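# Overview (structure and organization)
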Protein chains: 2
Amino acid sequence: MKSIFNIEKIILLLFLSVLGIACQKEIDKKEAHQPKEHQAFPYKMPTEKPNFPLSASAERMFDYPAPRVQDNELFSQFKYTRLKGFDYNNGDGTITRRDPTRPIKVGDTYYLWYTKRHTKVPPIGWNNAAKATDEIPSTDWDLAEVWYATSKDGFTWEEKGVAIKRPEKPKSGWRSVCTPEILVWKGKYYLYYQAFDEPSGLKGDLCPVSISYAESPEGPWIHGGDAVIPFGKEGEWDHKATHDPYPIVHNGKIYVYYKSAYNKWPDNRKNYAVGHGLAIAEDPLGPYTKHPLNPVMTSGHETTYFPYKEGIAAIIYKDGNERETVQYAPDGVNFKVMSKISLVPIAAGPYTPDAFTNTKDGRGITWGISHFINAGKNGGRHSIIARFDCDLSLDYNEPGFKQSGVWHKPAVYFAQGLGKLRSHPEGR
Amino acid sequence: MKSIFNIEKIILLLFLSVLGIACQKEIDKKEAHQPKEHQAFPYKMPTEKPNFPLSASAERMFDYPAPRVQDNELFSQFKYTRLKGFDYNNGDGTITRRDPTRPIKVGDTYYLWYTKRHTKVPPIGWNNAAKATDEIPSTDWDLAEVWYATSKDGFTWEEKGVAIKRPEKPKSGWRSVCTPEILVWKGKYYLYYQAFDEPSGLKGDLCPVSISYAESPEGPWIHGGDAVIPFGKEGEWDHKATHDPYPIVHNGKIYVYYKSAYNKWPDNRKNYAVGHGLAIAEDPLGPYTKHPLNPVMTSGHETTYFPYKEGIAAIIYKDGNERETVQYAPDGVNFKVMSKISLVPIAAGPYTPDAFTNTKDGRGITWGISHFINAGKNGGRHSIIARFDCDLSLDYNEPGFKQSGVWHKPAVYFAQGLGKLRSHPEGR
């Protein structure tokens, strides 16, 4: 029995050791979160998380790209410049340009695509969609087409003409083609866009994603497919819409981020939520496989994505608890908040030289084109496109973009007035 | 040996069981984070976190007060109204009103205190502090005093006169008394304020916190003490300043939140960071004990605190990675981000009926007074106070404050122009 006893003893000691190591690790973990003797936070900002007890807020400071926002590569202010070269019929609402793509540079020329509507009258509005005709648009993006322009400096543009025309009825998009985004893949150019078969607003924004491709950014564009990003199954979050397709080349594949409003009809429209899914394909024309963790982003409306380091960064505009943030996902799927931003560019298309290079070292962005949807005068509703500049780049460092406050004249605040909310119950 | 062998065997089995349980727990933990069979996120917003794999963003949605921002009690837009009853000498920079306290209601009357400067000339600026005289102010808050006004409705105010005068030289505050905050404690009124003994800017913003008290909100005010919130020791984050004292009655004690800029001098001023500490006392006049986890807040400049549920909520304006957020700490110490906000009221003093009631059921806020520091015309720098309204209240629900976007005219964006940043290196 002696030898067996000894073997059992050895096994016993072995298990005791393993258990001991496991327990010690557990104790270490706990001690790391227990207040030790008091040590005051220093006047000089530490570069790494100090090894003494911190408040929750001080702990988090070191989870961001830098403890000081001024040093945070994924924080920026945004500066805006009016573009030269686009006519809007004196702002009467009959011409709109909106939803710009990312500009791409081919040779020494930037190319830009966008939704253009040029109608005899301004839109009559979403709620009047039933009264829309072949000449009267319901929304700002009804009866629209995809146009393009070129520029040498990104400030002054020359409109070149239509890229994607509305096809003959009843082909998909006969009513309106809009909200383009560009992909460059294996030497070819692909435009993704939304194709309407009825005035927007009639049954919501029902507009599957179509795709066309060309050998040159100047076209001609060949129809490549309709409804390439399939809707979800009945009852799934994205079963009524796949909007705003946003392709990036990542992990050797085509990652298309897309938006879907959910929790909307048939309930009150105000109960909507906006989510963003990811669909992946090996060829631009599909088939696309949706990521099982969709929605990968639960804040943001029009959302902007760009390669950053080994993953994907995103600029989140309005909607959701994490509205007005920059986020980052090393895997392109699991995004975390990196900064909180102000005056976020709307429907932003940043110049992103590495959007299609399958990079694992994304360098970020410094400028792009966005839109304003409320540019009209005297109720003539239309949109304009504009340039934004920023410093969300690893290669550019401009303190002018890193200030943590935005100064508006008081009139900007007073313009956000109480209006009819002025009459409040006593005791509010 | 047999009996011993059996005991060892039992011990061995016992340890194996313990280890087995420990391991199983570890496996359970891991499985909870492993994708199980695919289940799609539903079209109808779940009220609780679904029990299937989610993206990081979708997980976080359920960590906020509500998954939809529109339902988030700690999210609000802010609406602004110009106050009636205050004269500013036609905006020539000689009169300033800033840093309002929270208004308090006594009987049917709201009382408000604020920094008032009325000088012969506008301030000559921080960088010219050496040229300041007894009649020429350096900064907007130099040569100032604490004044007060009353109102029946919070919109129209009547200025009543000075509350805290500058004392005779060399008493603390002889140069300027400013940035007041109010506390009501055991039937008495206490004003906390900053006391300058030299023109602001000469050696920074060196201004310890003084305190005065009165039996009535109309005074007379009796000097209660100077430097009541002590500076930190040399090398500690708050060793050069304790600014913006903000008292709340919590846990039966007086919680004073205060601001300190650190990481600043002697390095570049632009390298500053802003932290917020908590000092606790059993009597308004002190002594104050600083919380060992200070700074309890590492974003925000002027920061606003109010009782909320069992803890304290905060409105974070500019500065820090968590600029422009609402945060909440059930213990008043460990704050977490509850929402991302826009056009945040500056130096906000919200009407907070339960600020001094030692509540464990804080109800939130719906309006208050804030300031704008850039109200002057033609370079005459001065500040104005204004009213803000919001819905950060558990008792008030106004969808008009819960919209997730803010619409500005494009001119508001273009006013944030590139300026001299226009000339960028090629390839940026």
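Each value, and the rule that gives it
- Residues numbered from 1 in each chain as written.
- Chains lettered and ligands numbered in written order.
- Predicted model: local features only at pLDDT ≥ 70, side-chain atom pairs only at ≥ 80, totals over all residues.
- Heavy atoms only, no water.
- Helix = DSSP H or I, 4+ residues; strand = E, 2+ residues; numbered from the N terminus.
- Buried < 20%, exposed > 50% of the residue type's maximum accessible area, 1.4 Å probe, protein only.
- Contact = heavy atoms within 4.5 Å.
- Areas by Shrake-Rupley, 256 points an atom, 1.4 Å probe, with all protein chains shown as cover.
- Least-squares fit on C-alpha atoms with pLDDT ≥ 70 in both.
- Phe/Tyr/Trp six-rings, centres within 6.5 Å; stacked < 30°, edge-to-face > 60°.
- Lys NZ or Arg CZ within 6 Å of the ring centre and 35° of its normal.
- Salt bridge = Lys/Arg side-chain N within 4 Å of Asp/Glu carboxyl O.
- Polar contact = N/O pair within 3.5 Å; in protein donor to acceptor, adjacent residues only side chain to side chain.
- Nonpolar A, V, L, I, M, F, W, Y, C, P; charged D, E, K, R; others polar.

Turning our attention to the overall build of chain A. Of regular secondary structure, chain A possesses three helices and 21 strands. Counting across all 428 residues of chain A, residues that qualify as buried make up 61%. Sequence-distant contacts, at least 24 apart, represent 53% of the contacts inside chain A between residues at least 6 apart. As presented, chain A carries roughly 17,800 Å² of accessible surface, and 53% of it is formed by carbon and sulfur atoms.

All names here are of chain A. At the junction of N294 and P295, the peptide bond is cis and its omega measures out at -5° in the coordinates. Position of P295 relative to the elements: it lies in the loop between β14 (289-290) and β15 (303-309). Not every positive phi belongs to a glycine, and D319 is a case in point at roughly 80°. For D319, the position within the fold is in the loop between β16 (311-316) and β17 (325-329).

A few words now on the relation of the copies chain A and chain B. Think of it as a corkscrew move, a rotation about one axis and a shift along it, taking one chain copy to the other. Relative to chain B, chain A is turned by 180° and slid 0.0 Å along the rotation axis, the superposed coordinates differing by an RMSD of 0.0 Å. The operation mapping one copy onto its partner corresponds to a two-fold rotation axis. In this assembly, 99% of the residues forming the interface of chain A have copies in chain B that are likewise at the interface, indicating an isologous arrangement.

So, on to the packing of aromatic side chains. Under the defined criterion, the tally for this structure stands at 48 aromatic pairs over all chains. Their ring planes at 40° and their centres at 5.9 Å tell us that A:Y190 and A:Y213 sit as a pair that is tilted. Of this pair, A:Y190 sits in strand β8 (residues 188-196) while A:Y213 sits in strand β9 (residues 209-214), and the two are 23 residues apart along the sequence. Given the relative accessible area of 8%, A:Y190 is considered buried. Judged by its relative accessible area of 22%, A:Y213 is partly exposed. Measuring from centroid to centroid gives 5.9 Å for B:W237 and B:Y258, while their planes differ by 20°, and the two rings are stacked. Taken together, the positions of B:W237 in the loop between β10 (222-225) and β11 (243-250) and B:Y258 in strand β12 (residues 253-262) put the pair 21 residues apart, joining distant regions of the chain. Of the two residues, B:W237 and B:Y258, both sit in the buried class. An aromatic cluster is present here, built from A:F41, B:W237, B:Y258 and B:Y262 joined pairwise through their rings. Sitting over the face of the ring of B:Y88, B:R97 holds its NZ or CZ atom 4.7 Å from the ring centroid. A cation sits over an aromatic face here: B:K169 above B:W174, 4.4 Å from the ring centre.

Let us look at the interface of chain A and chain B. Each side of the interface is counted separately: chain A has 121 residues, and chain B has 120 residues. Connecting chain A to chain B are three salt bridges. Residue B:E324 pairs with A:K340 through a salt bridge whose shortest N-O separation is 3.3 Å. Counting the contacts that link chain A with chain B gives 56 residue pairs in polar contact (both at pLDDT 80 or more). Per element, the largest residue contribution to the side of chain A that touches chain B is ten residues, and it comes from helix α1 (residues 2-32) of chain A. Its residues placed into classes, the side of chain A that touches chain B shows 63 nonpolar, 30 polar and 28 charged.

All names here are of chain A. Examined against the element boundaries, S210 turns out to sit in strand β9. A distance of 2.6 Å separates the side chain of S210 from the side chain of D226, its partner in a polar contact. S210 has contacts with S172, L191, Y192, Y193, A195, G225, D226 and A227, leaving out every residue within four places of it along the chain.

All names here are of chain B. Among the structural elements, H291 can be located in the loop between β14 (289-290) and β15 (303-309). Among the polar contacts made by the side chain of H291, one reaches the main-chain amide nitrogen of L293 at a distance of 3.0 Å. Not counting residues up to four positions away in its chain, the partners in contact with H291 are L278, I280 and V333.

Geometric descriptors of this kind do not, in isolation, establish any biological role.
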